[in-house]
Amino acid sequence: MKFLSFLTSRGFAVFLLAVSIGLLVSWNKYPNLYSPIFLIIPACLFLSISLCIANRITACKLKRDIRFWGSTAFHIGMLVIVAATSLGYSIRFFAMIVLPQGVSVTLDDKSFVAVYEDRLHSGGRPFVNLKLNEFEAKYAEEQFPVEYIADITIGIIDKDGYRNLTDKIRINKPFNYDGYNILFENSGYSPRFVLKDRDGGVIFNSYINLSNNIKSEDVFYIKEAGLTLYTRFFPDVFREGTKAGSRSPMTRNPAFGIKVVKRNSPFTDAWKGILKKGESARFDNMTLEFADLKPYVVIKVVKDPTYWGIFAGWILIILGLLIRYMPMVKQLQTISNNQQPTTNN
Amino acid sequence: MSEKPELKTVIAKYNNAIIEAYKNQNFEHFMQVATDAEINKIGVIINSFRQADQIMEAELRKIDFQEIKTQGDKADVKTSEDWSYRWIDYKTGQEVEPLKNIHYEMLYHLIKKDGKWLVEKVEAMKESETR
């Protein structure tokens, strides 16, 4: 009996709740920490609250006033939230996809897709492939980004067959289909550099993932030629004497500030300068060309059926608290009104 | 468990891989959904067009799956497909053949290898130009 009292005690429930919150925060930050064995803690919390509710119902057989129902709704709301958040980690689907413009990406393509949560390995997803057709970034006063628009085509298999659906996704305006949300996460530009030898033979030709930050430098290596390239992106380049910068974040006149260093001679610049899109530089019998600049977007694909559970749980909690404490507030108001001194003019 | 969703997905992927292969000579996706014999067959066709400096830009509008029959490790799938495509000289970027809308009735023969369905052979049963 003592053990049952302990299990249904508020102290034990609060302790379990604190541990569960700690687990949820940790899983959110470090998804690799997740192990189904930890679900025992929210399961205990669920059991503790359930026993607490059962206890109250049996204890208040005769005196079930409105406050009793408020308290019950509050606890059922907690049960729903505990169940939904704990199950969410097992049944949720969550993936991040990089979509370079014009490239059709399938969900099993590990070069572009990282699936973070799909613990039940729920196959048979309706999406076959996704493609970025166009990307547009809108700026206010040519400085402040106000909108990002990604025009994407999504190949979907439904009961009628395979279809291509095209939609424009924006920040906070996702594409919804069959419980899946496709959300715009972020975007950028990826340059293509081509390095040729003196006979025109291609040594290197690839799109590179480089920082788009105007204020910071990035680096990449061309192993085939033993070169290290330090880069800085200027979306709207200007030159004043020896200095260079970007007039705006808009890609009107894109260029890269580049410093080429040989790996066997790291303290000497093989070449240093600015390459606009389409321009090339010659050094050491080689030609480096900034051949192209393509936009890409990063999208998030989420299916979380537990979302509605959390939503319903919070509504129950709020309603429960209102029902539980509203009579007390009214009582206090009545007492305070009765105690107000009357003034005579 | 029903094999139908997987077969439908493989056929959709196969057709998207064909588009990519014809346009960019990229066979990476194709290798995941077709047998070696089918890859070689399509590779020869694409190379012959490439030698004539031609690439195809295609769009798959829809696939309706008409009939799916499975027997052990083999499956036959009949589809009805709407495509549009045009041919382009990849050196000049000029259109060699204008955009056409084509309706196909197709029969796909698939085989299961190492637990994975692959397209083994494709037959066009009916082909007609649409507006």
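Residues numbered from 1 in each chain as written. Chains lettered and ligands numbered in written order. Predicted model: local features only at pLDDT ≥ 70, side-chain atom pairs only at ≥ 80, totals over all residues. Heavy atoms only, no water.

Remarks on the interface of chain B and chain A
Many authors give the size of an interface as the accessible area that is lost as the parts come together. Between chain B and chain A, the contact holds 12 residues from the first and 12 residues from the second. Area buried by chain B at its contact with chain A is led by Lys13(B), Asn16(B) and His29(B), which between them contribute 34% of it. In this assembly, chain B and chain A are joined by two salt bridges. For Lys13(B), the salt bridge goes to Asp108(A), with nearest N and O atoms at 2.5 Å. Linking chain B with chain A are six residue pairs in polar contact (both at pLDDT 80 or more), by the criterion used here. For the side of chain B that touches chain A, the leading source of residues is strand 1 (residues 54-71) of chain B, giving six residues. Its residues assigned to classes, the side of chain B that touches chain A shows four nonpolar, three polar and five charged. Note that strand 6 (residues 161-170) of chain A and strand 1 of chain B share two bridges and pair antiparallel. Note that in strand 1 of chain B the partner of Arg163(A) across the bridge is Lys62(B). (Contact = heavy atoms within 4.5 Å. Buried area = accessible area lost by both parts, 1.4 Å probe. Salt bridge = Lys/Arg side-chain N within 4 Å of Asp/Glu carboxyl O. Polar contact = N/O pair within 3.5 Å; in protein donor to acceptor, adjacent residues only side chain to side chain. Helix = DSSP H or I, 4+ residues; strand = E, 2+ residues; numbered from the N terminus. Nonpolar A, V, L, I, M, F, W, Y, C, P; charged D, E, K, R; others polar. Pairing = 2+ DSSP bridges.)

Some remarks on the pattern of salt bridges
The tally for this structure, following the rule as stated, stands at 21 salt bridges over all chains. Residue Lys300(A) pairs with Glu185(A) through a salt bridge whose shortest N-O separation is 3.8 Å. Of this pair, Lys300(A) sits in strand 17 (residues 286-303) while Glu185(A) is found in strand 8 (residues 180-196), placing the two residues 115 residues apart along the sequence. In this structure Glu185(A) comes out as partly exposed when scored by relative accessible area, which is 34%. Between Asp53(B) and Lys91(B) there is a salt bridge, and its shortest N-O distance comes to 3.9 Å. Of this pair, Asp53(B) sits in the loop between helix 2 (36-51) and strand 1 while Lys91(B) sits in the loop between strand 2 (74-89) and strand 3 (95-113), placing them 38 residues apart in sequence. With relative accessibility at 60%, the residue Lys91(B) sits in the exposed group. Salt bridges sharing common partners tie together Arg92(A), Glu117(A) and Asp304(A). (Buried < 20%, exposed > 50% of the residue type's maximum accessible area, 1.4 Å probe, protein only.)

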